[in-house]
Amino acid sequence: ILTSITYNTRNIDCHTQPIRHSLGAVRFEDLLAPNAFLEADTLLRSAVSLDELAYAAHNQTLVVARRDGAILAINTNDGSIRWQTNRHAQILHDIDAGHGLVAILGSDLPPNASFNGYIPPEQRLHALTVLDIESGDTLSRTAILQAGGWVKLTREAQAAVGTAAGVLAIHPFEGSLL
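Scoring rules and cut-offs
In this numbering scheme, every chain counts its residues from 1 along its sequence in written order. Reporting of local features is limited, given that this is a predicted model, to residues whose pLDDT is at least 70; pairs of side-chain atoms are given and counted only at 80 or more, and all residues count toward the totals for whole chains, interfaces and linings. Remark: hydrogens and water are excluded; side-chain values derive from all non-hydrogen atoms of the structure. Numbering of helices and strands runs from the N terminus; a helix is a DSSP stretch of H or I covering at least four residues, while a strand is a stretch of E covering at least two. Categorising residues by exposure relies on relative accessible area from a 1.4 Å probe, with only protein chains included: less than 20% of the type maximum marks a residue as buried, more than 50% marks it as exposed, and the intermediate range marks it as partly exposed. Here a residue-residue contact requires only that any non-hydrogen atoms of the pair lie within 4.5 Å. All accessibility values rest on the Shrake-Rupley procedure with a 1.4 Å probe; residue burial counts only the protein chains present in the view. Here, any two strands with at least 2 DSSP bridges between them count as paired. As a rule, the C-alpha atoms of each element are fitted with a line to give its axis, helices using only the stretch in contact, and angles between N-to-C directions run from 0 to 180 degrees. Just to be clear on terms, a salt bridge is a Lys or Arg side-chain nitrogen sitting within 4 Å of an Asp or Glu carboxyl oxygen.

(A) Spatial organisation of the overall build of the chain. When its secondary structure is counted, the chain shows one helix and 16 strands. Put simply, the chain has 178 residues, and 50% of those count as buried. Contacts in the chain between residues far apart in sequence, at least 24 positions, make up 45% of those at least 6 positions apart. Surface summary for the chain: the accessible area is close to 9,200 Å², and the carbon and sulfur share equals 50%.

Given below as structure tokens:
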């Protein structure tokens, strides 16, 4: 539940419904045996549960992303959901927001990949996707050859992506390497 409180007056501005409820069921659960632990490597951490949440905020928008790629943007003024999606990554590695953008670093399973609850990075297709924070519209999608561990939007509105091989700078609107 997100509760927005005005700092000076301590007035409660809004409440949201439980965020996990808004995101819906975790994807892939129907493919697993009962009680199997669904996890993935994210480069920085060797195993994360795909129901773990990551957050990024910019101005009056809080972006909440689950590791299975379900994402929603919440207006922190009134608690309403601005937009919601699950089409940009099957496994979310990192997320950042700024300059009116949301940067999503993630990976997808290749077609016909076997799935047993663990998804090695070398079997996945890695990409950086940049969205408009107000609408959720896709601005660019850039394939990345190695698994990415983190993404940060710089003051110059560039996307910096950390991989095992080094740091990439990507133009968020064109999707090109800088």
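(B) The sheet that holds strand β15 (residues 159-163), seen in detail. A sheet is described by the order of its strands in space; here three strands give the open sequence β14-β15-β16, paired in antiparallel fashion. With one partner strand each, in any of the chains shown, β14 (148-153) and β16 (166-170) form the two edges of the open sheet. In this sheet, adjacent strand axes meet at a mean angle of 20° when their direction is disregarded. Pairing of β14 with β15 involves five bridges; the strand directions are antiparallel. Its bridge partner being in β15, Lys 152 is matched across the sheet by Ala 160.

(C) Spatial organisation of unusual backbone geometry. The phi dihedral of Asn 59 is positive, around 50°, even though this residue is not glycine. What makes Asn 59 exposed here is its relative accessible area of 62%.

(D) Region of the structure containing the pattern of salt bridges. In total, this model carries four salt bridges according to the counting rule given. A salt bridge links Asp 68 to Arg 66; the nearest nitrogen and oxygen atoms lie 2.9 Å apart. In this pair, the class of Asp 68 matches that of Arg 66, namely buried.

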